[in-house]
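Below are the chains, spelled out letter by letter.
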Amino acid sequence: MIWSGQAFSIITSGASGWAIIWHVTTTEGSALKLAIVMALSQLPLGLLAPLGGVAADRYNRRAVMIVSDLGAGMMSLALGALAWLGHGSFAVICIFAVLRSCFQAFHFPAMSAAMPMLVPEKHLMRVNTLDQAVGSIANIGSPAIGIALYTAFGLPYTLGLEFVGALLAVAGLALARIPSVEAEMPPTIMGQIREGWRALSVNVGLVYLIVALTAGMMVFEALAAVYPLMAQQYFGADGAMVSVAEAITGTCMLLGALIMMAWGGGKRLALLISATTVVVGLPFAAVGLLPRGGLWAFVALMGFGCIFLAWFHAPLMTLIQRHVGEDKVGRALGFFQLMLGLAMPVGVVLGGAFAEKMGGPVLFTAAGIFFCVVGVVMYAIPHIRALDTPVPAALPLDEEG
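In short, a report on the structure.

Rules used in this analysis
Residues numbered from 1 in each chain as written. Predicted model: local features only at pLDDT ≥ 70, side-chain atom pairs only at ≥ 80, totals over all residues. Heavy atoms only, no water. Core = buried A, V, L, I, M, F, W, Y, C linked by side-chain atoms within 4.5 Å. Buried < 20%, exposed > 50% of the residue type's maximum accessible area, 1.4 Å probe, protein only. Helix = DSSP H or I, 4+ residues; strand = E, 2+ residues; numbered from the N terminus. Contact = heavy atoms within 4.5 Å. Polar contact = N/O pair within 3.5 Å; in protein donor to acceptor, adjacent residues only side chain to side chain.

## Concerning the nonpolar core
Leu209, Phe298 and Phe336 are the most contacted members of the largest nonpolar core, which has 100 residues in total. Per element, the largest residue contribution to this core is 15 residues, and it comes from helix H11 (residues 204-234). Residues within four places of leucine 209 in sequence aside, it is in contact with Ile273, Leu316, Leu319, Met378, Ile384 and Leu387. Formed by 13 residues, the second largest nonpolar core is a distinct cluster that contains Ala56, Val64, Met65 and Val170.

## With respect to the environment of glycine 375
Examined against the element boundaries, glycine 375 turns out to sit in helix H17 (residues 360-380). Spatially, the C-alpha atom of glycine 375 lies 31 Å from that of glycine 141, the residues being 234 residues apart in sequence. If sequence neighbours within four positions are ignored, glycine 375 has contacts with Ser274, Thr277 and Val278.

## So, the side chain of threonine 365
Considering the arrangement of structural elements, one finds threonine 365 in helix H17. Among the polar contacts listed, one links the side chain of threonine 365 to the backbone oxygen of alanine 285, at a separation of 3.2 Å. Setting aside anything within four residues of it in sequence, one finds threonine 365 in contact with Phe284, Ala285, Gly288 and Leu289.

## What to know about the environment of threonine 25
Positionally, threonine 25 belongs in helix H1 (residues 2-28). Exposure remark for threonine 25: the relative accessible area of 4% places this residue in the buried category. Measuring from C-alpha to C-alpha, the distance between threonine 25 and leucine 223 comes to 15 Å, with 198 residues separating the pair along the chain. If we skip the residues at most four places from it in the chain, threonine 25 touches Leu34, Pro228, Leu229 and Gln232.

In structure tokens:
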């Protein structure tokens, strides 16, 4: 019931997001402005993530998700109303991107912390991969839906669709039951946040792995920021062609998630993450060598790389859930989201600025080489290799940390 509602919400949210992206792309025509909007929609996800983790461990996780879904949907509805009244300027879009992201910052820690309470440990990897599968389905349909609705009806009506998706997500949560966690927490917010950091940092290899993947995510977000402009300006694609290209790469991500769900990822998850980083880097580096007429070669290379993008999140989430106690996992995941949330907007802005100065092809080649180097270096670190040592279950952290 939870995932049914969340699937509708993710797809409609993605459609609204793509309508905004295409609106800024067609009206502003600036890689930097597009990057700014994307960065502002992600920055609060990082800054407020520790508070989201505290809320996930302190309050009922279902209630936290309901408030988060409703708040984000209402922000999109308000932005749609302002756009309908003729006040949807670039500055207004940026403001509401921040407000919407503030609510979303509380959703990820609560949802991810609830998974080990609902799913047996041996199936965590597959359920975390299901998260990727839902996202891949959204990547397939959202660009086509968002751009088509934007072209046919304009920005206001497309943004209203997200509010409908939020209501469906809340309905799914209202019909489900998520157990509450009895956690002894320090009296202050900062104390609670510090306890979450101790729960995560007790495993040095886990911290190193998160840092490496955070750097990788920063670079990937730089590519994502210029993807629409790369397709439109360098390869000459129109809106329909961009939608098809996004649908193909989304289908490849779904295929990768299905392979992971069927396989289970094996036992050496740290090795899997390191090897996948290298495999993803190769096609991205090749993109920068394509001529201007190579749109479908660009789509094919990106599609091949996207097959393996689903092989990062689920193994890392599983490692965190295995090594952190149930009563602290929300705060630990909050710190994970903090690192991602701060790295992603930095990557988006740097990617937009780099692409405007050096060009999109150079950015893709440099990013691909970076991935290959990071993948090799990661597994050369003994603490990361040690994560492949079997553990019986999540290891609770004692009071001394």
